[in-house]
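Listed below, chain by chain, are the residues.
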Amino acid sequence: MASKVDETRDGVDLTNLDQPLFDGAEATKRDLVEYLDAVREWMLPGLRERPLSVVRIRPGQPAFMQKNLPKYTPEWVRRTQVWAEASKREISYALCDDRRTLLWFANQRAVEYHPALMLDHRMTHLVLDLDPPEGDDTFAKAVQGAFLVRQALADAGLNGAVKTSGAKGVHVIVPIDATVAVDDAAAATRAIAARAERIDPEVATTAYIKEDRYGKVFVDSTRAGGATLVAAYSPRIRPGTPVSFPVGWDDLDRVSPRDFTVKTAVELLSGVDRWASQLPEPQSLPEDLLEEGRAIPIARVVAMHEGKRRKRAQREAEGS
């Protein structure tokens, strides 16, 4: 059955706009389109020229992440080829640079927008992802972790901006200048996470393996290099369709992720690009921070070896 075209906007046919977006969304596809169109001027700068992964959801099906553009993608959607070492092939990523492309993605039921951290072969910012444990008051715990990161940054002479993840966590973003190499950016992120953990080890942990976190907030320093991060203002596939929303440091402990949804965020912004106004200027990184970070092993690698060691020990114990 052909999709019903409800309207055409900027040359994009928009179909089935009154269908529910997904189970529990409390929003329709029209709500998604209207929201993305309303915030496009503020959201697009964070997507422009960056290889884009999106999370789509079709009626009655589970959500899925799309990296490689489908064959039916219009020719006018800009794209870039990126070699994927894991799959040993080139991936054709979209470059979502304009309103038309954003509307096309919205019509494809692309709810979440995850741009690459890399731009022109360099990282433009550091990312500290505060991932709280399961249970009650998870967001409040993530906020506690974010304040520890803020203190660690201040102690290093750095500043960061903060936004909700749109899920249960918090993202702290630290713009860096063009002189910082990718490996150094990754090292600095590890050092900041370690310093935040040292400020209050009862609250924060850098343990990559979940079983080793013991109810603490995970200060995730692994977002570097080829990683992605959900964009500021991007909706999320969560109950109520919340969005990743910029929050001032002074307001962070007074909000809830549920405050910011595709139905409420535009009015709360009141015509102001909060993200652009809160981001500090790009900063250079102090050498002592880099030196500390270079000495810290990459968490994913350590976790992989530790996981193998634990499985081997378990097999040996079961065999004895």
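Residues numbered from 1 in each chain as written. Predicted model: local features only at pLDDT ≥ 70, side-chain atom pairs only at ≥ 80, totals over all residues. Heavy atoms only, no water.

Student: Go over the overall build of the protein with me, naming the residues and quoting the values.
Tutor: Each helix and strand counted, the protein has eight helices and 14 strands in total. By the compact-globule yardstick of 20 Å for 320 residues, the protein fits well, its C-alpha radius of gyration being 20 Å. By residue count, 51% of the 320 residues in the protein fall in the buried class. Counting only contacts in the protein whose residues sit at least 6 apart along the sequence, the fraction spanning at least 24 positions is 70%. Of the roughly 15700 Å² that the protein leaves accessible, carbon and sulfur atoms contribute 50%. Counting 44 positive and 48 negative side-chain charges, the protein places the averaged centre of each group 5 Å from the other. (Helix = DSSP H or I, 4+ residues; strand = E, 2+ residues; numbered from the N terminus. Rg over C-alpha atoms; globule rule 2.2 N^0.38 Å. Buried < 20%, exposed > 50% of the residue type's maximum accessible area, 1.4 Å probe, protein only. Contact = heavy atoms within 4.5 Å. Areas by Shrake-Rupley, 256 points an atom, 1.4 Å probe, with all protein chains shown as cover. Lys, Arg positive; Asp, Glu negative; His and termini not counted. Charge placed at Lys NZ, Arg CZ, Asp CG, Glu CD.)

Student: Can you tell me about helix α3 (residues 138-155), naming the residues and giving the values?
Tutor: Here α3 is 18 residues long and its end C-alpha atoms lie 26 Å apart, about the 26 Å a rise of 1.5 Å per residue gives. Turning to α3, its buried residues are Thr138, Phe139, Ala142, Val143, Gly145, Ala146, Leu148, Val149, Ala152 and Leu153. Along its buried surface, α3 packs onto β10 (125-131), β11 (161-164), β12 (170-175), α4 (182-199), β13 (204-205) and β14 (217-220). (Expected span 1.5 Å × (residues − 1).)

Student: Which residues make up unusual backbone geometry, and what values go with them?
Tutor: With a phi close to 70 degrees, Glu49 is a non-glycine residue in the positive phi region. Unlike most non-glycine residues, Ser270 shows phi in positive territory, near 50 degrees. Given the relative accessible area of 58%, Ser270 is considered exposed.

Student: Just give me the short version of the layout of surface pockets, but keep the residues and values in it.
Tutor: Each pocket or cavity is described by its volume, and for the largest pocket that value is around 1200 Å³. Contributing to the lining of the largest pocket are 49 residues, with Lys67, Gly226, Ala227, Thr228 and Leu229 lying nearest its centre. Listed by contribution, the elements that provide at least two residues to the lining of the largest pocket are β5 (79-84), β6 (89-94), β8 (118-119) and β10. Broken down by element, the lining of the largest pocket gets its largest block of residues, five residues, from β5. Class assignment of the residues belonging to the lining of the largest pocket gives a composition of 21 nonpolar, 13 polar and 15 charged. Both of domain 1 (5-115 + 230-274) and domain 2 (129-226 + 281-304) provide at least three residues apiece to the lining of the largest pocket. Taken as a whole, the second largest pocket spans an internal volume of roughly 610 Å³. As for the second largest pocket, its lining consists of 29 residues, and the residues nearest its centre are Gly46, Arg50, His125, Trp275 and Leu279. Elements supplying a minimum of two residues to the lining of the second largest pocket: α1 (29-47), β12 and α6 (274-278). (1 Å grid on protein atoms, 1.4 Å probe; cavity = no way out; pocket = protein on both sides within 12 Å on 5 of 7 lines; lining within 4 Å. Points joined across faces, edges and corners; volume = space filled by probe spheres on them. Nonpolar A, V, L, I, M, F, W, Y, C, P; charged D, E, K, R; others polar. Domains from an automatic or database assignment.)

Student: So what about the domain arrangement of the protein? Which residues, and what values?
Tutor: The domain architecture assigned to the protein consists of domain 1 (5-115 + 230-274) and domain 2 (129-226 + 281-304). A straight line from the C-alpha centre of domain 1 to that of domain 2 covers 26 Å. Counting residues at the interface gives 19 residues for domain 1, matched by 15 residues for domain 2. Summing both partners gives a buried area of about 1400 Å² for domain 1 against domain 2, and 65% of it is carried by carbon and sulfur. Three residues stand out in domain 1 for area buried against domain 2, namely Trp249, Leu252 and Pro257, and they jointly supply 52% of the buried area on that side. Applying the counting rule to domain 1 against domain 2 returns zero salt bridges. Of the residues contributing to the side of domain 1 that touches domain 2, the split by class is 13 nonpolar, three polar and three charged. (Buried area = accessible area lost by both parts, 1.4 Å probe. Salt bridge = Lys/Arg side-chain N within 4 Å of Asp/Glu carboxyl O.)

Student: Give me the sheet that holds β12: which residues, what numbers.
Tutor: A sheet is described by the order of its strands in space; here five strands give the open sequence β11-β12-β10-β14-β13, paired in mixed fashion. One side of each edge strand has no neighbouring strand; the edge strands of this open sheet are β11 and β13. Strand direction decides the pairing type here: β10 and β14, joined by three bridges, are antiparallel. When the sheet's bridge partners are listed, Leu130 is paired in β14 with Val219. Helix-sheet contacts for α3 involve β10, β11, β12, β13 and β14, and the interaxial angle to β12 is about 20 degrees. Helix-sheet contacts for α4 involve β10, β13 and β14, and the interaxial angle to β10 is about 40 degrees. (Pairing = 2+ DSSP bridges. Axes fitted to C-alpha atoms, helices over the stretch in contact; angles between N-to-C directions.)

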